[in-house]
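# Architecture at a glance
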Amino acid sequence: MSFDRVRVRIAPSPTGDPHVGTAYVALFNYVFAKKNGGDFIIRIEDTDQSRYRGSSEDMILRSLKWLGLSWDEGPDVGGPCGPYRQSERREIHAAHAMQLVDRGLAYRCFCTAARLDGVRKEQREKGQTTGYDRHCRDLPVAEAERRMAASEPFVIRLKMPLSGVTKFDDALRGTVEIENQRLDDQVLLKSDGYPTYHLANVVDDHLMKISHVMRAEEWISSTPKHVLLYEAFGWEKPVFCHLPLLRNTDHSKISKRKNPTSLRYYERAGILPDALLNYLGLMGWSFGDNIEIFNVEEMTSRFELKGIHLGGPIFDQTKLNWLNNQYLQKLSDDRFVSLIRDQMFAPEILKALRPFVVERMDRLDQFVDKNSFFFNGALQYDAVPLVPNGKTAAELATMVSELVERLDEEYEWDMEHLKACFDAHREAIAWKPKDYFMSVRLIVTGRKDSPPLFESLVILGREMVRFRLRDALKFLRQ
RNA sequence: GUCCCCAUCGUCUAGCCUGGCCCAGGACACUGCCCUUUCACGGCAGCGACGGGGGUUCAAAUCCCCCUGGGGACGCCA
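Before going into details, it helps to say that this report is about the structure given with it. (Residues numbered from 1 in each chain as written. Chains lettered and ligands numbered in written order. Predicted model: local features only at pLDDT ≥ 70, side-chain atom pairs only at ≥ 80, totals over all residues. Heavy atoms only, no water.)

### Examining the environment of Val155
How we decide: Secondary structure elements follow DSSP: runs of H or I no shorter than four residues count as helices, runs of E no shorter than two count as strands, and numbering proceeds from the N terminus. Two residues qualify as a contact provided that any one of their heavy atoms is within 4.5 Å of a heavy atom in the partner residue.
Looking at the element boundaries, Val155 is found in strand S4 (residues 155-158). Spatially, the C-alpha atom of Val155 lies 49 Å from that of Ser439, the residues being 284 residues apart in sequence. Residues within four places of Val155 in sequence aside, it is in contact with Tyr107, Arg108, Cys109, Val187, Leu189, Lys190 and Ser191.

This is the structure:
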C-alpha cells in the first residue's frame, strides 16, 4: 500500500510568537501540496504544558492567514482526521505507547530528573555523548508493577536496537544512516501523561495520512528514531524531506536574539505578506530564468522539490526591504490607502494613543511629529544622549542586553508585568530610576518628552520594543 | 567531544544530476555615471565567487576521495 494522496502538514508549537521559520516551512509545504493537488494541514503541537501559551495558537493561525496561506484541515476548520490539537489526542498517544510496552518494544522508566542530570553531567565530564544509560530498560516486570502501584512517576521509553543501522531516504539528500548504538532510548510518554514530540508526531502523521514530512533540517538527527517508531508500529513511512534552516547573519540558526523572527514584527513593520512570501520563496529555491519576483501561484506552477538548494540561507533584511519596495510600487491606489489607513494608522492604535498624547499637543498638526516613534521602525540614536552622566556606553549596553534577556522571559506584556520586570532589573543593578528610565525612554521613543513609558511600551508591543533595544545595542557597541 | 547535514560573489542564487556552450549568469548591497530643482524610483557601468589538496577524464564549478570550514542534533522542548 502507498499513500494515494499527497498530504502535508506543518506542526507549530504554541509557545510564543509566530515564527518566520514556521512561515518558511509552511510556504514550501503549501506550494508542494498545491502543486500535487494535495492537502495542506495544520496541526498544533501543544504537548509541553510548561511552555504552552494560550494566545499563541491564535497568533500563529492569524499570522498564517495574514500571509494568505490557507489550510484544508486544522484546529479551527476541523477535518476528517481531527482533532488537530495534540493536547486533545492524549488518549490516542498514551494508548499507542502502551501498545509498545505490551509488546516489549518500550518500557517504563522511573529515573528522576535529578538522576538523569547527574548521568549527563558525568558523561559530559568524560567527554562522552550524553544519553540515557538505560538504567530501567531491563527492570523486572514485577518491580515496575510494584513501583507503579506505589504511584512513583514514570515515563515510557522506546527500546532502541542495540546494534545494526537505521537508514532513511531524504527526498533531497539521499540516504542518511546512523548506527543504532548511537540512538538514545527516547522518551515517548512523559510522566504527566503527555506524549513527546517523537511519539505524537509519528502517531498523528500516520493517523492523518501524511504522505510527505517536510520540516526543518534540525530534525534530521531524530528522524531515525521516528523511522524506528514507524517500524515498531508496522506503519508505512512517509517521504522525509528536510528543508534548510534559515540563518542569522553569523550563520547560526535563525533566532530572535539575533534577528526579528516574529511574523507580527514584519506585519507591524509594514512588510507586505506577498513580499515576505516571495522572499521566503527565494530562500533555497529559485524560480529560474533570472526571475525573482513571483507570487505563490507562480511559485506553485514551477515548484519542484528537487530544485531546493541545501545551503542554509541567511535571512537578509536588506533584500527583503528591496523586494517589499518592489511590491509597494505596484500597489493600487486603493490598496495603498487602505494599508496606510487601516494598518499604519489603525483606529485602535490611535484610540489607545489618545489619552497619553492629547495633553502634550496644542494643535492637531503636532500629532505626527510628536508621536512619530509609534509609527516608525528604527530610530536615530546619534542625536540623543542615550548614556546617562556618570555611566559609560559599555555600561548602558550591558544594562540593555540584560534588560532584553529579562523581557524575553516575560510572557505577559502589560503595564503590571512590565513595571515589575523593569523595577526588578533596575534594583538588581542599582541604577538611579532617573538614569535607568531615561535611557530606556530615549531608546524606545527617541525623545525625552514622550508619553508615559509603560503605556508607550504596551502600545508599541513586544516586537518593536525588542527591536529598538537591540538596535540601540548595536549603536552603543559600534 | 560524538554523530549527522552542508559548501559558487559580502548576501540570495543560476549552473552541478545528464562533465565541454562557464576565463561562471542574475539579484541585493556597495561604487560611479545618466535621468532629475532635492531625495527616491528608473537606466547604464563597475566591484565581486567555483574553500584547499589529490584523483578520474582529451576536458571538472560539475564525478570520486581526503582535508578544511560552516551548521544542526545529542532534554520528561518542539
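### Section: the layout of surface pockets
The test is simple: Cavities and pockets were defined on a 1 Å grid built over protein atoms only: a cavity is a set of grid points that admits a 1.4 Å probe from which the probe cannot escape, a pocket is an open set flanked by protein on both sides within 12 Å along at least five of seven lines, and lining residues are those with an atom within 4 Å of any such point. Grid points are joined across faces, edges and corners, and a volume is the space filled by probe spheres set on the points. Three classes are used, and their members are as follows: Ala, Val, Leu, Ile, Met, Phe, Trp, Tyr, Cys and Pro are nonpolar, Asp, Glu, Lys and Arg are charged, and the others, Gly among them, are polar.
By volume, the largest pocket is sized at about 1500 Å³. Lining the largest pocket are 48 residues, and of these Ser13, Thr15, His19, Thr22 and Arg51 lie nearest its centre. Mapped onto the lining of the largest pocket, the elements with two or more residues apiece are strand S1 (7-10), helix H1 (20-35), helix H2 (56-67), strand S8 (212-216), helix H16 (393-409) and helix H20 (462-477). Sort the elements by how many residues they give to the lining of the largest pocket and H1 lands first, with four residues. Across the lining of the largest pocket, the residue classes break down as 17 nonpolar, 13 polar and 18 charged. Volume-wise, the second largest pocket comes out at about 630 Å³. Around the second largest pocket sit 22 residues that line it, and Arg264, Arg268, Ile349, Ile459 and Leu460 are the ones nearest its centre. Elements with a minimum of two residues in the lining of the second largest pocket: H2, helix H8 (263-268), helix H12 (333-344), helix H13 (347-357), helix H15 (372-375), helix H19 (453-460) and H20. Partitioned by chemical class, the residues of the lining of the second largest pocket number eleven nonpolar, two polar and nine charged.

### Things to note about the pairing of S1
Two faces, one strand: in a regular strand the side chains alternate between the faces of the sheet. To be explicit about the condition: Three exposure classes are used, based on accessible area relative to the maximum for each residue type with a 1.4 Å probe and protein chains only: buried under 20%, partly exposed in between, and exposed over 50%. Strands were regarded as paired on the criterion that DSSP finds at least two bridges between them. Orient the strands so they point away from the viewer; a crossover is then right-handed if the path from the first strand over the helix to the second runs clockwise.
Here S1 shows a buried face lined by Arg7 and Arg9 and a second buried face lined by Val8 and Ile10. With four bridges connecting them, S1 and strand S2 (residues 39-42) associate as parallel partners. Among the inter-strand pairings, Ile10 is bridged to a residue of S2, identified as Ile42. Following the chain from S1 across H1 to the adjacent parallel S2, one finds a crossover that is right-handed.

### Digging into the nonpolar core
What counts here: Remark: nonpolar core denotes a set of buried residues (Ala, Val, Leu, Ile, Met, Phe, Trp, Tyr, Cys) joined through side-chain atoms within 4.5 Å.
Phe28, Leu276, Leu280, Phe315 and Phe422 are the most contacted members of the largest nonpolar core, which totals 97 residues. The element that contributes the greatest number of residues to this core is H1, accounting for eleven residues. Setting aside residues up to four positions removed in sequence, Phe422 forms contacts with Leu403, Leu407, Tyr436, Phe437, Val440, Phe454 and Leu457. Counting 29 residues, the second largest nonpolar core, distinct from the first, contains Ala106, Leu158, Met160 and Val213.

### Some thoughts on empty space enclosed by the protein
Enumeration according to the criterion identifies one cavity of 30 Å³ or more in this entry. In this structure, the largest cavity spans a volume of roughly 30 Å³. Lining the largest cavity are Asp274, Leu277, Asn278, Phe294, Asn295 and Val296. Ranked by the residues each element gives to the lining of the largest cavity, the list is headed by helix H9 (residues 273-281), at three residues. For the lining of the largest cavity, the residue count by class is three nonpolar, two polar and one charged.

### Topic: the protein's contact with RNA strand B
The condition that has to hold: Put simply, a residue is near a molecule or strand once any heavy atom of it comes within 4 Å of that molecule or strand. Polar contacts, as used here, are pairs of N or O atoms within 3.5 Å; protein pairs need one atom able to donate a hydrogen and one able to accept it. Residues neighboring in sequence count only if both atoms are side-chain atoms.
Lining the immediate environment of RNA strand B, one finds 53 residues, of which Arg173, Lys190, Ser191, Gly284 and Glu292 sit closest. Expressed as a percentage, the sugar and phosphate content of the atoms of RNA strand B within 4 Å of the protein is 81%. Here a base oxygen of RNA strand B and a backbone polar atom of Ser191 are 2.7 Å apart. Among the elements of the structure, helix H4 (113-125), S4, strand S6 (174-179) and helix H11 (317-330) are those that each provide at least two residues to the surface near RNA strand B.

### A few points about the pattern of salt bridges
Put simply, the rule reads: Just to be clear on terms, a salt bridge is a Lys or Arg side-chain nitrogen sitting within 4 Å of an Asp or Glu carboxyl oxygen.
Counting across every chain of the model gives 40 salt bridges. For Asp289, the salt bridge goes to Arg302, with nearest N and O atoms at 2.9 Å. Within this pair, whereas Asp289 is found in the loop between H9 and helix H10 (296-302), its partner Arg302 is found in helix H10, the two being separated by 13 residues in sequence. Taking relative accessible area as the criterion, Arg302 reaches 36% and is therefore assigned partly exposed. In this structure, the salt-bridge partner of Asp342 is Arg341, at a minimum N-O distance of 3.0 Å.

### A look at the sheet that holds S4
So the rule is basically this: Structural elements are reduced to axes, namely lines fitted to C-alpha atoms, with helices fitted over the stretch in contact, and the angle between N-to-C directions of any two is expressed from 0 to 180 degrees.
If you trace the three strands from one edge of the open sheet to the other, you get S3-S4-S7, paired in antiparallel fashion. Both outer strands of the open sheet, strand S3 (106-109) and strand S7 (187-189), are each paired with one neighbouring strand and no more. Taken over all neighbouring pairs, the strand axes of this sheet differ in orientation by 45° on average, direction set aside. Pairing analysis gives two bridges linking S4 to S7, with the strands arranged antiparallel. Note that in S7 the partner of Arg157 across the bridge is Val187.

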